[in-house]
Amino acid sequence: QVHLVESGGGLVQAGGSLRLSCAASGSIFSINAMGWFRQAPGKEREFVGAIRKSAGSTYYADSVKGRFTISRDNAKNTVYLQMNSLKPEDTAVYYCAAQVRNYANPRYGPFDYWGQGTQVTVSS
């Protein structure tokens, strides 16, 4: 089992920045990739980005490419989502997730463990 805890959400004005953190515990040796997803009210959950635990390769949704950056600190078992140039449409609950199986592109494989989510609200 893997336990994920997100933190760092909050309220920010459009154009501002936030950094989310996701701390992993438990069977972290089983993790191949970590991902970030978000779900806005009335919408389906969508992929934001992912990072391979070992190689550090990153993958992003087109909607956040160039504005969001995922990084990891394996020593701290923590993954970060740096969000810059935030827009009101980025408002959502952001979830961290862990993927056990190794996929060519983590985006297209199922994620096995999920955090509880953290709210990000961007005001206009």
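Quick caveat, the model's predicted, so the values are computed rather than measured.

## Quick look at the nonpolar core
Counting residues in hydrophobic clusters, the biggest one holds 36 residues, and the most contacted among them are Leu-4, Met-34, Trp-36, Phe-68, Leu-81, Met-83 and Tyr-94. The residues touching Met-34, leaving out its near neighbours within four places in the chain, are Leu-4, Cys-22, Gly-49, Ala-50, Ile-51, Val-79, Cys-96, Ala-97, Ala-98 and Phe-111.

## Focus: the environment of Trp-36
The residue Trp-36 is located in strand S4 (residues 33-39) in this model. Exposure remark for Trp-36: the relative accessible area of 0% places this residue in the buried category. The sequence separation of Trp-36 and Thr-69 amounts to 33 residues, and the corresponding C-alpha distance is 11 Å.

## Details of the sheet that holds strand S3 (residues 18-26)
Here we have four strands laid out as an open sheet, ordered S1-S3-S8-S7, and antiparallel in their pairing. Of all strands in the sheet, those bounded by a partner on one side alone are strand S1 (2-7) and strand S7 (68-73). For this sheet, the mean angle separating the axes of adjacent strands, direction not counted, is 20 degrees.

What counts, and at which threshold
Residues numbered from 1 in each chain as written. Predicted model: local features only at pLDDT ≥ 70, side-chain atom pairs only at ≥ 80, totals over all residues. Heavy atoms only, no water. Core = buried A, V, L, I, M, F, W, Y, C linked by side-chain atoms within 4.5 Å. Buried < 20%, exposed > 50% of the residue type's maximum accessible area, 1.4 Å probe, protein only. Contact = heavy atoms within 4.5 Å. Helix = DSSP H or I, 4+ residues; strand = E, 2+ residues; numbered from the N terminus. Pairing = 2+ DSSP bridges. Axes fitted to C-alpha atoms, helices over the stretch in contact; angles between N-to-C directions.

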